[in-house]
Amino acid sequence: MAHHERNKRQLLELLKRPLNGRCADCGAPDPHWASYKLGVFVCLTCSGIHRSWSHVKSVTLDLWDDELVEFMKSNGNDIARARFEKAVPAYYYRPQEHDCAVLREQWIRAKYERMEFTGETKYPPISYTTGFYEGELWKKGKENTQFLKRKFVLSERDFTLTYYNKKDESKGPKAIISIRDLNATFQPEKIGHPQGLQISYQEGAHTRNLYVYHKSSEEIVTWFNAIRAARYAYLKTAYPTGSDEELIPKITRNYLKEGYMEKTGPMQKEQFKKRWFVLDSQKRKLLYFKDQLDAEELGVIFIGTENNGYSARECVPQHSRGNKWRCGVAVTTPQRQFVFMCEQEMEQKEWMDALRQVLSRPMAPQDYTTKVGKT
Ligand SMILES: [Zn+2]
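Computed from a predicted structure; not experimentally measured.

1. With respect to the coordination of the zinc ion
And then number 1: Looking at the zinc ion, the protein donor atoms are Cys 23 (SG), Cys 26 (SG), Cys 43 (SG) and Cys 46 (SG), and they sit 2.3 Å from it.
And then number 2: Considering all four donor atoms around the zinc ion, the spread of angles at the metal, 106 to 116°, places the coordination shape in the tetrahedral class.
And then number 3: In primary-sequence terms, the residues that donate to the zinc ion follow C-x2-C-x16-C-x2-C.
And then number 4: Residue class for Cys 23 comes out buried when judged on its relative accessible area of 4%.

Following this line, the structure appears as structure tokens:
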């Protein structure tokens, strides 16, 4: 069919238009799928989310009729952005190519299905725009693995996140958490739930982790953006001269690298023990935990810069007692040397790359206070 061939060529031409070169929803390069209901070009993964309710076709594998091609010509990612992303709040999280399914799915549904950002509907919902949100989340017990329903209250008025223990709600809150050092990051694999969210905050010298989920993906993403709205409002107050460009990356952060390594003690003769490590790039901290869902870390190593006497290199440990793993990473700080063992070379390489990324980034004034606080 000649016109199908011509139509495919025209579609491939359309993909060269500025915003069509990237997925309309996650920004992945070279999208080869299209929603001919919305007039957007998307990547394979996002097309799978669209498939359940919008109409998608492959640019290269499907046959396209003239009218659908005309529709794509008169629409496209630029026009869709102007309409469906007209009123996205500055703090609202826009998922990227490698983000988890719940974030990508809810971004697509919020945009096109609920039309939260067109400025035409009742959305964005009051949940993340009023500075106050409450509801129930399933929270993992501090000392056990059970997830129980708990009431959470987020308030921008005093910049707190509060939660209550079900039975003794009358006794007052179980914890009042300051928004100041709060972070939230989706961790579906670690938590073992597709809507699993990790909330971390500073409790004295320790980092405290809460693991929560909600059965509704819309609800958990709303919580996440409500937290982001509160963090954004807090940052605006704390750094009144900060631009959006500076403040938005500080709202919430994902960890640069996480995983198990074996660790020995300061003499490097102690028995190696398997620990869960988390590299928090923004805070320049390498934290380690006994188990991956622990509430508090066993220890924390500040990662400065090479100019300040910090370094990381691959190594073979001199004394190996109890280690099952063979690929070593040595981290040197002005105080001591740490030796960690990775299971595979791939892991070792990823840790080295992640550590080098932190080591090569100049320290900010507040990093010096963190460092002093830890020694
Ligand atoms: Zn995509």
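2. Some details on the nonpolar core
And then number 1: If you look at the biggest cluster of nonpolar residues, it comprises 43 residues, and the most contacted ones within it are Leu 154, Phe 186 and Ile 199.
And then number 2: Among the elements that take part in this core, helix H7 (residues 217-238) stands out by supplying twelve residues, more than any other.
And then number 3: Not counting the four nearest positions on each side in its chain, Ile 199 is found in contact with Leu 161, Leu 182, Asn 183, Ala 184, Arg 208, Asn 209, Leu 210, Val 212 and Ile 227.
And then number 4: Counting 23 residues, the second-largest nonpolar core is a separate cluster that includes Leu 279, Ile 303, Cys 342 and Ala 354.

3. Side note on the sheet that holds strand S15 (residues 311-315)
And then number 1: Spatially, seven strands are ordered S14-S13-S12-S11-S17-S16-S15 in an open sheet, and the strand pairing comes out antiparallel. Two strands close off the open sheet at either side, each with one partner strand: strand S14 (299-302) and S15. In this sheet, adjacent strand axes meet at a mean angle of 35° when their direction is disregarded.
And then number 2: Relative to strand S13 (residues 285-289), strand S12 (residues 273-280) runs antiparallel, the two being bridged by five bridges.

4. Quick notes on the pattern of salt bridges
Between side chains of opposite charge, a pair can form when the charged atoms approach closely.
And then number 1: What the rule picks out here adds up to 21 salt bridges.
And then number 2: As a salt-bridge pair, Arg 6 and Asp 66 come within 3.1 Å of each other at their nearest N and O atoms. Taken together, the residues Arg 6 in helix H1 (residues 2-14) and Asp 66 in helix H3 (residues 66-74) connect sequence positions 60 residues apart.
And then number 3: On the accessibility criterion, Arg 6 (35% relative accessible area) is partly exposed.
And then number 4: Close ionic contact of Glu 350 with Lys 257 constitutes a salt bridge, the shortest N to O distance being 2.8 Å. Here Glu 350 is found in helix H9 (residues 345-359), whereas its partner Lys 257 is found in strand S11 (residues 257-263), with 93 residues between them in sequence.
And then number 5: For Glu 350, a relative accessible area of 31% puts it in the partly exposed group.
And then number 6: Within the structure, one salt-bridge network assembled from shared partners comprises Asp 25, Glu 85, Arg 94 and Lys 111.

5. Section: the packing of aromatic side chains
And then number 1: Summed over all chains, the structure comprises 20 aromatic pairs.
And then number 2: Centroid distance Phe 84 to Tyr 112: 4.9 Å. Interplanar angle 75°. Geometry classified as edge-to-face. With Phe 84 in helix H4 (residues 77-84) and Tyr 112 in helix H5 (residues 101-113), this pair connects stretches of sequence that are 28 residues apart.
And then number 3: Judged by relative accessible area, Phe 84 falls into the buried class, the value being 6%.
And then number 4: Given a relative accessible area of 6%, Tyr 112 falls into the buried group.
And then number 5: Following the ring pairs from residue to residue traces out a cluster consisting of Phe 277, Tyr 288, Phe 338, Phe 340 and Trp 351.
And then number 6: Here the basic side chain of Lys 57 rests over the ring of Tyr 36, its NZ or CZ set 6.0 Å away from the ring centre.
And then number 7: Just above the ring of Tyr 164 sits the side chain of Lys 151; from NZ or CZ to the centre is 5.1 Å.

6. Here's the deal with the environment of Arg 150
And then number 1: Within the secondary structure, Arg 150 is located in strand S5 (residues 147-155).
And then number 2: Distance from Arg 150 to Tyr 163, taken between C-alpha atoms, is 6.7 Å for residues 13 residues apart in sequence.
And then number 3: Only 3.1 Å separates the side chain of Arg 150 from the side chain of Asn 165, close enough to count as a polar contact.

7. Brief notes about the packing of H5 against H7
And then number 1: Where H5 contacts H7, the two axes come as close as 10 Å, and the packing angle between them is 95°. Here H7 runs roughly perpendicular to H5, going by the angle between their axes. Across the interface between the two elements, Val 102, Leu 103, Glu 105 and Gln 106 from H5 touch Ser 217, Glu 218, Ile 220, Val 221 and Phe 224 from H7.
And then number 2: Looking at the contact of H5 with H7 residue by residue, the class counts come to five nonpolar, two polar and two charged.

Quick notes on the rules
- Residues numbered from 1 in each chain as written.
- Predicted model: local features only at pLDDT ≥ 70, side-chain atom pairs only at ≥ 80, totals over all residues.
- Heavy atoms only, no water.
- Donors = N, O, S within 2.8 Å, 3.2 Å for Na, K, Ca; no water.
- Tetrahedral: all angles 85-135°; square planar, octahedral: opposite > 155°, others 65-115°.
- Buried < 20%, exposed > 50% of the residue type's maximum accessible area, 1.4 Å probe, protein only.
- Core = buried A, V, L, I, M, F, W, Y, C linked by side-chain atoms within 4.5 Å.
- Helix = DSSP H or I, 4+ residues; strand = E, 2+ residues; numbered from the N terminus.
- Contact = heavy atoms within 4.5 Å.
- Pairing = 2+ DSSP bridges.
- Axes fitted to C-alpha atoms, helices over the stretch in contact; angles between N-to-C directions.
- Salt bridge = Lys/Arg side-chain N within 4 Å of Asp/Glu carboxyl O.
- Phe/Tyr/Trp six-rings, centres within 6.5 Å; stacked < 30°, edge-to-face > 60°.
- Lys NZ or Arg CZ within 6 Å of the ring centre and 35° of its normal.
- Polar contact = N/O pair within 3.5 Å; in protein donor to acceptor, adjacent residues only side chain to side chain.
- Parallel < 35°, antiparallel > 145°, perpendicular 65-115°, else oblique.
- Nonpolar A, V, L, I, M, F, W, Y, C, P; charged D, E, K, R; others polar.

Spatial relationships are all this shows, so hold off on functional conclusions.
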